[in-house]
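In case you want the letters, here they are:
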Amino acid sequence: MRWADVPYATQVKARLDSMLPDRIPQAFLWKGPEGVGKTAAAWMVSKALLCPHAEGGEPCHACSTCQRVDRLEHPNLLILPPVGGKVPLEEGVQRLRAALVENPFLSLSEWEMLLPDAKGNLSIGVDMARRLQESLSLTNPDGSWRIVWFWHAETLTRQAANALLKLVEEPSERVLFIFLTHQAEMLPITLRSRCQVWYFPPLSKEKLEGLIGSKLSASQWSLSEGSYSRLRRLREASMEKYIQALQSWLRSLLEEGGDSAPAIEELLRAPQLSEILVMGAILIREHPRLTPAQKAVGMDTLLRVAEEIEANIQPALLLWEATLFLRAQWARPSFLWEWLLV
């Protein structure tokens, strides 16, 4: 991992340099959309703080400490991932380390696919928080930094968040907590108030093109919404046919007598149907022929269906209900749609 791998490296490194050596807060809350480089930034900040040969915010990259941080295996770098089902914490940590080394922009849905038994039940529970307390209560013999990542901190249970309050407010010396989240509002205000908050905005088209090394098509830029992890999935060969099926389905809803069945059959084969429906909401938002009210109804319908699919409600039934509902709504006279905006 190098600063060149971090999309917002210039801003993050400048802020880190301004805090060194003795103005590092006890806790960061880094929020922003998935896939914009929060984990990569935490990785490099951790490396800079742990490297004994670092100059300012620049680690040496050559020592054994840097190499262990590159593998996410340094004993003073503690990572708490959301797990569930029968996956023990130690196994979850090992799996996440391997997955992040392969892909630092790993999304929560991709992580969930690596833990199929835990689908819909991922969380950072109170047992993890208590084990963290025990670990940090041990003496730190060399006095170096101990850094804790709460990866997807929005999955913290209420009990876990409450158990962390005193630990974050009065940490041991040279302990840094980094809460990484795309839903900061899910964390209790009592915990958020103890953190220094940084916002990571969606990536610009130029940054995304720099990461992939090529130009983006208009649809890729629109559907990615500034997320590199989503863009990577959009560019997968297996995803292309599902995006085409999504476009065919939406097109059939606008055509009189349109046949939605083939597109629905294809969509039902998609491994991440809920995410594809979220992309469908983006396509509706950008559609030039739909009125604002039609867009509102369409986006709301697809986002609701995506949530219900995540809750394991029958996807075939949901897609056909959405088909009938939207076809009826979008066929209404436009003056009625505009009236709904009043």
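Refer to the preceding data block for the structure.
All residue numbers here refer to positions counted from 1 along the written sequence of the relevant chain. Predicted model: local features are reported for residues with pLDDT of at least 70 only, side-chain atom pairs are reported and counted for 80 or more only, and whole-chain, interface and lining totals are derived from all residues. With hydrogens and water set aside, each side-chain value is computed from the structure's full complement of heavy atoms.

Asker: Let's hear about empty space enclosed by the protein: which residues, and what values?
Answerer: Residues are said to line a cavity or pocket when one of their atoms sits within 4 Å of a point; the points come from a 1 Å grid over protein atoms alone, cavities being sets where a 1.4 Å probe fits but cannot get out and pockets being open sets with protein on both sides within 12 Å along at least five of seven lines. Grid points are joined across faces, edges and corners, and a volume is the space filled by probe spheres set on the points. Scanning the entire structure with this criterion turns up 1 cavity of 30 Å³ or more. Empty space within the largest cavity amounts to approximately 140 Å³. Along its surface, the largest cavity is lined by 15 residues, and Gly35, Lys38, Thr39, Leu106 and His152 are the ones closest to its centre. Broken down by secondary-structure element, the contributors of at least two residues to the lining of the largest cavity are helix H2 (38-50) and strand S4 (175-181). Side-chain classes are defined by residue name, with Ala, Val, Leu, Ile, Met, Phe, Trp, Tyr, Cys and Pro counting as nonpolar, Asp, Glu, Lys and Arg as charged, and the others, Gly among them, as polar. Here the lining of the largest cavity is composed, by residue class, of 6 nonpolar, 7 polar and 2 charged. Only runs of H or I of at least four residues qualify as helices and only runs of E of at least two qualify as strands under DSSP, and these elements are numbered from the N terminus.

Asker: An account of the sheet that holds strand S3 (residues 146-151) is requested, with residue identities and associated values reported.
Answerer: Two strands pair under a simple rule: DSSP has to find at least two bridges between them. Spatial ordering of the open sheet is given by S2-S3-S4-S1-S5, a layout of 5 strands whose pairing is parallel. Among the strands making up the open sheet, the edge pair consists of strand S2 (77-80) and strand S5 (196-199). For this sheet, the mean inter-axis angle between neighbouring strands, taken without regard to orientation, is 20 degrees. Bridge analysis of S2 against S3 gives 4 bridges, and the strand direction is parallel. If you follow Leu77 over to S3, its bridge partner there is Ile147. A contact between two residues is defined here by any heavy atoms of the two lying within 4.5 Å. Only the contacting stretch of a helix is used when fitting its axis, a line to C-alpha atoms as for every element, and angles between N-to-C directions run 0 to 180 degrees. H2 rests against strand S1 (27-31), S2, S3 and S4 of the sheet, and its axis sits at about 170 degrees to S3. The strands touched by helix H7 (residues 158-169) within the sheet are S1, S3 and S4, with S4 carrying the most contacts at an inclination of about 135 degrees.

That's the geometry; what it means functionally is another story.
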